[in-house]
Amino acid sequence: MARKRADALGLNVIAATRHPTPAEHVSFVGLDDLLRRADYVSLHVPLAAATTHLIGARELALMKR
């Protein structure tokens, strides 16, 4: 369903993940690249040591205004 919505809005979906699996209509990129390119960012991560402080001042500075 989300893919249909993205297509209807003309969105190009990119994702950053530690374990990419092939997905139709999704391009996988590194997190820094994603933050520089994305108009919208949605985080979906478990609360764990590896994700604590995932986004900080440095990452926010990479993003578009």
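Figured I'd write up the structure that's included with this text. As the structure is a computational prediction, the values presented were derived from the model and not from experiment.

1. Overview of the overall build of the protein chain
And step 1. Scanning the protein chain from terminus to terminus reveals three helices and two strands.
And step 2. Tracing the protein chain from N to C terminus, the helices and strands come up as α-β-β-α-α.
And step 3. Projected onto the principal axes, the alpha-carbon positions of the protein chain cover approximately 35 × 30 × 15 Å.
And step 4. Residues counted as buried form 14% of the 65 residues belonging to the protein chain.
And step 5. Long-range contacts, defined here as pairs at least 24 residues apart, represent 28% of the contacts in the protein chain between residues at least 6 apart.
And step 6. Total accessible area computed for the protein chain in this model is approximately 5500 Å², and 57% of it derives from carbon and sulfur atoms.

2. Comments concerning the nonpolar core
And step 1. Core analysis: the largest hydrophobic core is formed by six residues, namely Ile14, Val29, Leu34, Leu35, Ala38 and Leu62.
And step 2. With near-sequence residues (within four places) excluded, Leu35 lies in contact with Val41, Ile55, Glu59, Leu62, Met63 and Lys64.

3. Remarks on the pattern of salt bridges
And step 1. Within this structure, the stated rule accounts for four salt bridges.
And step 2. Residue Asp32 is joined to Arg58 by a salt bridge in which the shortest nitrogen-to-oxygen separation is 3.0 Å. Of this pair, Asp32 sits in helix α2 (residues 31–37) while Arg58 sits in helix α3 (residues 57–62), placing them 26 residues apart in sequence.
And step 3. The exposure class assigned to Asp32 is partly exposed, which follows from its relative accessible area of 26%.
And step 4. Across the salt bridge formed by Lys64 and Asp39, the nearest N and O atoms sit 2.7 Å from each other. With Lys64 in the segment after α3 and Asp39 in the loop between α2 and α3, the pair connects residues that are 25 residues apart, well separated along the chain.
And step 5. The class for Lys64 is partly exposed, based on a relative accessible area of 47%.
And step 6. Asp39 sits in the exposed class, given a relative accessible area of 59%.
And step 7. When salt bridges that share partners are traced, they join Asp32, Arg58 and Glu59 into one network.

Definitions and limits used
Per chain, the residues get numbers from 1 upward, laid out in the order the sequence is written. Under the rules for a predicted model, residues below a pLDDT of 70 receive no local features and side-chain atom pairs below 80 are neither given nor counted, while totals for whole chains, interfaces and linings still include all residues. For side-chain calculations, the full set of non-hydrogen atoms in the structure is used, while hydrogens and water are omitted. Runs of E in the DSSP output that reach at least two residues are strands. Runs of H or I that reach at least four are helices, and both are numbered from the N terminus. The buried label applies to any residue whose accessible area, calculated with a 1.4 Å probe on protein chains only, is under 20% of its type's maximum; exposed applies above 50%, and partly exposed to all values in between. Contacts are assigned to residue pairs that have any heavy atoms within 4.5 Å of one another. Computed with a 1.4 Å probe, the accessible areas rest on the Shrake-Rupley method; for each residue, only the protein chains presented here act as cover. We define a nonpolar core as any set of buried Ala, Val, Leu, Ile, Met, Phe, Trp, Tyr and Cys residues linked to one another through side-chain atoms lying within 4.5 Å. In the sections that follow, a salt bridge refers to a side-chain nitrogen of Lys or Arg positioned within 4 Å of a carboxyl oxygen of Asp or Glu.

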